Amino acid sequence: MESGPITGPVPTDGVAGETLPRSADLSGVPAKPNPAAASGAIGGAFWRRFVFRRPLVALILQRLGLSVGLLFAVSLMIFGGIEALPGDFATTYLGQSATPQAVENIRKDLGLDRPWSERYLTWLGGAVKGDFGTSWASKNSVSEQIGKRLGNSLFLAFFAALISVPLAVGLGMLAVQFRNRLPDKIINVISLAAISLPEFFIGYLLILFFAVQLGVATFPATVYDSMTLTERLSAIALPVATLVLVVLAHMMRMTRAAILNVMSSAYVETAELKGLGTFRIIARHAAPNAVAPVINVIALNLAYLVVGVVVVEVVFVYPGMGQYMVDAVTVRDMPVVQACGLIFAAFYIFLNMAADILAILANPRLRHPR
Amino acid sequence: MNLRSIPISAWIGIIGIALCLLCAIFAPFIAPFGERDVVGEIWMPAGGDFLLGTDNLGRDLLSRMIYGARTTIFVALVATVISFALGMILSFAAAVTGGFVDQLLSRFNDLMMAVPTLIFALVVLAVLPQHLWILILVMAVLDSTRVFRIGRAVALDIAVMEFVEAARLRGEGSLWIIFREILPNTLSPLLAEFGLRFAFSILFLSTLSFLGLGIQPPAADWGGMVKDNKDGIIFGISAALVPGAAIATLAICVNLVVDWLMKRTSSLKGGRGDA
């Protein structure tokens, strides 16, 4: 969309501002922590030799390490940051009119009377082993609930990705092919509109049209264990369609911007001036350089998809992680909120890391940071 | 810049925004009924006394839409302004000072951005008491991380230019450099970014309200109105879609204007004109 690094954000950033922590990558600004600094921190002669002999493996290991470190920092933030915020769980939990005795009791009950560092370590130790404690509201095991619901959420996100990724890349290329002509303009206007639509609006629109008026889809998209695969698929048809619509426009615009960025570079211009055919330019000069940004775009949007399920699940009353978390937030059930928050953040961080690593694999220039 | 050079799409956007603003400012004069008055049956169809029908409690939908414009735009705008002030001051300070301050702020920003905004907001709102100003502050702080990143990138670009160097050698202080040298030169991209963040704020606020964590009833707000009326969808009552459409329209209008601003900025910079 724009060529200089100054304008930073791709103007598609409308809905999903959050998928763009590294949008600057598209315009060639190295974002994210500087790998050189990180390797300095790790240090050691052995590591330096390893970096020299296996630069690629070392770089990937570094990214992995960074992500794990980031995840720990996030867990600290999710737990410790909350402690630092004003407001006491027990009082907010019981309401303003609670007696001091009741507040004291519930604090002891929930283990809030222990120092927070101790509680954090217990929580983290449990979380690493997959045990997130018990819910305050229902007294059930959080991990058990999450185990059931995470699968449902991933099922939803997987099918949304399966449909949206090829479609977005195809449409993005189509838009580049017909750049500034009618198909491109139509795609541009529609995607701009689609970016601005809130997820719940698309969801209810689809429900009203397909489930209520035409009666071809089921509305509360409930799934349970005894359902067969086809039953499940027909139940999640509308949520998947919503997710696809939400992600598609965004992904397509980013794909288009990434490919255009390559197409407007000097070497493609040179190839054009040399008199090479369009196909040859695309196949030999543009495509190898466009692969990295496109992969990046896909991974970033998959990360967004994982978060996008939250609203869609609430709209369609789908028994997934997002709904679990939103319900827990309304009743201030902190163990559930923290567990869900950590899992969502983990998916987000690791998909972002995958984007990084794939970009490095696809683009040798990124292996030698200046 | 003359008015003729503004493309039609941008005009549509400007007119849409102006209409919403008018509704928001003059809500008590335009709205036929009060914000919280129950005036009819539940979910009456559109037409007659009630242009858009009534909602799940029998309140006039049109009046609530008009008052809702007020809440939604006000909260989103205040949150965006605060997030901009915060993000820009911190990012410019980081870019101008450099060194340790820059590293500290940037790494902390990376950390904040490692958690998706919605998830972060859910975690934080689960703890904090429900007040309007807390909601605004949470939105602003979460959003300022995005402003920080862009602000820093833009400011770093400018901070190495000769005229900044000259100002430094002249002995100007950091504040002068930030406000008199860097800010005027980064205004154009940041203005586009402001529009983008505003559109995002509207959507974000609506999403939070829809999830029941944003603006609390009985105050009218577009996201909350979708939540109030969502049960009607199964009976084929489209009351929930009206506020949803309003959110979408406003966001589209803002995006149209932003699109134009961005194109304008990038064409000022030259390049091959691939918009």
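Residues numbered from 1 in each chain as written. Chains lettered and ligands numbered in written order. Predicted model: local features only at pLDDT ≥ 70, side-chain atom pairs only at ≥ 80, totals over all residues. Heavy atoms only, no water.

### Notes on the overall build of chain B
Counting secondary structure elements, chain B contains 10 helices and zero strands. Traced from its N-terminal end to its C-terminal end, chain B shows the element sequence α-α-α-α-α-α-α-α-α-α. Judged by the C-alpha coordinates and their principal axes, chain B covers about 75 × 50 × 30 Å. The proportion of buried residues among the 275 residues of chain B is 55%. Long-range pairs, those at least 24 residues apart, make up 70% of the contacts in chain B between residues at least 6 apart in sequence. Looking at chain B, you have 19 positive and 20 negative side-chain charges, and the mean spots of the two groups are 6 Å apart. (Helix = DSSP H or I, 4+ residues; strand = E, 2+ residues; numbered from the N terminus. Buried < 20%, exposed > 50% of the residue type's maximum accessible area, 1.4 Å probe, protein only. Contact = heavy atoms within 4.5 Å. Lys, Arg positive; Asp, Glu negative; His and termini not counted. Charge placed at Lys NZ, Arg CZ, Asp CG, Glu CD.)

### Here's the deal with the domain arrangement of chain A
Residues and elements named next belong to chain A. Domain assignment breaks chain A into domain 1 (64–129) and domain 2 (142–367). For domain 1 and domain 2, the distance between their C-alpha centroids amounts to 33 Å. Taken residue by residue, the interface counts 15 residues in domain 1 and 12 residues in domain 2. Contact between domain 1 and domain 2 buries roughly 1200 Å² in total, counting both sides, with carbon and sulfur atoms accounting for 83%. (Domains from an automatic or database assignment. Buried area = accessible area lost by both parts, 1.4 Å probe.)

### Re the side chain of B:Ser209
Residues and elements named next belong to chain B. Checked against the element boundaries, Ser209 lands in helix H8 (residues 174–210). Residue Ser209 is classed as buried on the basis of its relative accessible area of 2%. Beyond its immediate sequence surroundings of up to four residues, Ser209 is in contact with Gly214, Ile215, Asp221, Gly223, Gly224 and Lys227.

### Things to note about the confidence of the model for chain B
Residue and element names in this part refer to chain B. When the pLDDT values of chain B are averaged, the result is 84; 96% of them are 70 or greater. By mean pLDDT, helix H2 (residues 27–30) is the weakest element of chain B at 82, and helix H3 (residues 61–97) is the strongest at 90. In the predicted structure, residues 270–275 sits below a pLDDT of 50 and forms 12 contacts with residues beyond four places in sequence or in another chain. (pLDDT = per-residue confidence, 0-100.)

### Looking at a nonpolar patch on the surface
Residues and elements named next belong to chain B. The grouping of Leu3, Trp11, Ile15, Leu19, Leu21, Leu22, Ile25, Phe26, Phe29 and Ile30 at the surface amounts to a nonpolar patch, some 1000 Å² of accessible area in total. Elements with a contribution of two residues or more to the nonpolar patch: helix H1 (8–25) and H2. Looking at which element gives the most residues to the nonpolar patch, the answer is H1, with six residues. Within the secondary structure layout, Ile15 lies in helix H1. (Patch = residues over 30% accessible without salt bridge, like charges linked within 9 Å, V, L, I, M, F, W, Y side chains within 5 Å. Areas by Shrake-Rupley, 256 points an atom, 1.4 Å probe, with all protein chains shown as cover. Salt bridge = Lys/Arg side-chain N within 4 Å of Asp/Glu carboxyl O.)

### Considering the UniProt feature "domain: ABC transmembrane type-1" (unreviewed entry) in chain B
Following the UniProt record, the feature "domain: ABC transmembrane type-1" (unreviewed entry) maps to residues 69–258 of chain B here. Taken as a whole, residues 69–258 of chain B contains 82% helix and 0% strand, while its terminal C-alpha atoms sit 20 Å from one another. (UniProt positions renumbered as here; feature names shortened; annotations may be inferred.)

### Side note on the packing of helix H9 (residues 199–213) of chain A against helix H13 (residues 278–316) of chain A
All names here are of chain A. Packing of H9 against H13 leaves a shortest axis separation of 9 Å and a crossing angle of 50°. Between H9 and H13, the angle falls in the class oblique. Along this stretch, H9 crosses H13, giving a crossing that reads as right-handed. For the pair H9 and H13, the contacting residues are Glu199, Phe200, Gly203, Tyr204 and Ile207 in the first and Tyr304, Gly308, Val311, Val312, Val315 and Phe316 in the second. Looking at side-chain class alone, the contact of H9 with H13 contains eight nonpolar, two polar and one charged residues. (Axes fitted to C-alpha atoms, helices over the stretch in contact; angles between N-to-C directions. Parallel < 35°, antiparallel > 145°, perpendicular 65-115°, else oblique. Left-handed = near helix turned anticlockwise from the far one by under 90°. Nonpolar A, V, L, I, M, F, W, Y, C, P; charged D, E, K, R; others polar.)

### Examining the UniProt feature "transmembrane region" (unreviewed entry) in chain B
All names here are of chain B. Sequence positions flagged by UniProt for "transmembrane region" (unreviewed entry) are, in local numbering, residues 6–27, 73–98, 118–142, 194–213 and 233–258. The span residues 73–98 shows a helical share of 96% and a strand share of 0%, and its end C-alpha atoms are spaced 36 Å apart. The annotated region residues 194–213 carries 85% helix and 0% strand content, and the separation between its end C-alpha atoms amounts to 24 Å.

### Focus: the pattern of salt bridges
A pair can form between side chains of opposite charge whenever their charged atoms are brought close. All told, the structure shown has 10 salt bridges over all chains when counted by the stated rule. Between A:Arg253 and B:Asp259 there is a salt bridge, with its nearest N and O atoms 3.5 Å apart. Remark: B:Asp259 occurs in helix H10 (residues 241–268) and A:Arg253 occurs in helix H11 (residues 237–263); the pair is interchain, linking two chains. Under the relative-accessibility criterion, A:Arg253 is labelled buried at 1%. A salt bridge links B:Arg170 to B:Glu181, with the shortest nitrogen-to-oxygen separation between them at 3.5 Å. Note that B:Arg170 is positioned in helix H7 (residues 162–170) and B:Glu181 in helix H8, a separation of 11 residues in sequence. According to the relative accessible area criterion, B:Glu181 is buried, its value standing at 11%.

### Structural notes on the packing of helix H5 (residues 117–127) of chain B against H8(B)
All names here are of chain B. Contact pair H5 / H8: the axes reach a minimum separation of 12 Å and the direction vectors enclose 45°. Taken together, the axes of H5 and H8 are oblique relative to one another. As for the relative orientation of H5 and H8, their crossing is right-handed in sense. In contact with Thr117, Leu118, Ala121 and Leu125 of H5, H8 contributes Phe204, Thr207 and Leu208. Along the lines of polarity and charge, the residues of the contact of H5 with H8 split into five nonpolar, two polar and no charged.

### Quick notes on the UniProt feature "domain: ABC transmembrane type-1" (unreviewed entry) in chain A
Here, the residues flagged by UniProt with the feature "domain: ABC transmembrane type-1" (unreviewed entry) are residues 150–355 of chain A. The span residues 150–355 of chain A is 83% helix and 0% strand, and its two end C-alpha atoms sit 22 Å from each other.

### Some details on unusual backbone geometry
For residues besides glycine, phi is generally negative; the peptide bonds are generally trans as well. Residue and element names in this part refer to chain A. In this structure, Val317 takes a positive phi of about 50° despite not being glycine. Relative to the assigned elements, Val317 resides in the loop between H13 and helix H14 (321–330). The class of Val317 is partly exposed, set by a relative accessible area of 39%.

### Observations concerning the nonpolar core
Grouped together as the largest cluster of nonpolar side chains are 164 residues, with contacts concentrated most on A:Tyr204, A:Ile207, A:Met325, B:Phe210, B:Leu211 and B:Trp222. With 19 residues, H13(A) is the single largest residue contributor to this core. Residue assignment places this core across two domains, with domain 1 (64–129) and domain 2 (142–367) of chain A each supplying three or more. Residues B:Phe92, B:Val96, B:Val154 and B:Ala167 belong to the second largest nonpolar core, which totals 18 residues. (Core = buried A, V, L, I, M, F, W, Y, C linked by side-chain atoms within 4.5 Å.)

### Quick look at the side chain of A:Arg256
One can find A:Arg256 in helix H11. Among the polar contacts listed, one links the side chain of A:Arg256 to the side chain of A:Asp184, at a separation of 3.0 Å. (Polar contact = N/O pair within 3.5 Å; in protein donor to acceptor, adjacent residues only side chain to side chain.)

### Focus on H3(B)
Taking 1.5 Å per residue, 37 residues should reach 54 Å; H3(B) reaches 52 Å between its end C-alpha atoms and fits that length. Positive phi shows up at B:Gly98, right after H3(B), with a value of about 70°. (Expected span 1.5 Å × (residues − 1).)

### Notes on the UniProt feature "transmembrane region" (unreviewed entry) in chain A
Residue and element names in this part refer to chain A. According to UniProt, the positions carrying the feature "transmembrane region" (unreviewed entry) are residues 56–79, 154–174, 186–212, 232–251, 290–316 and 336–362. Counting secondary structure, residues 56–79 comes out at 100% helix and 0% strand; the distance between its end C-alpha atoms is 35 Å. Within residues 290–316, the helical portion is 100% and the strand portion 0%, while the C-alpha atoms at the span's ends are 37 Å from each other.

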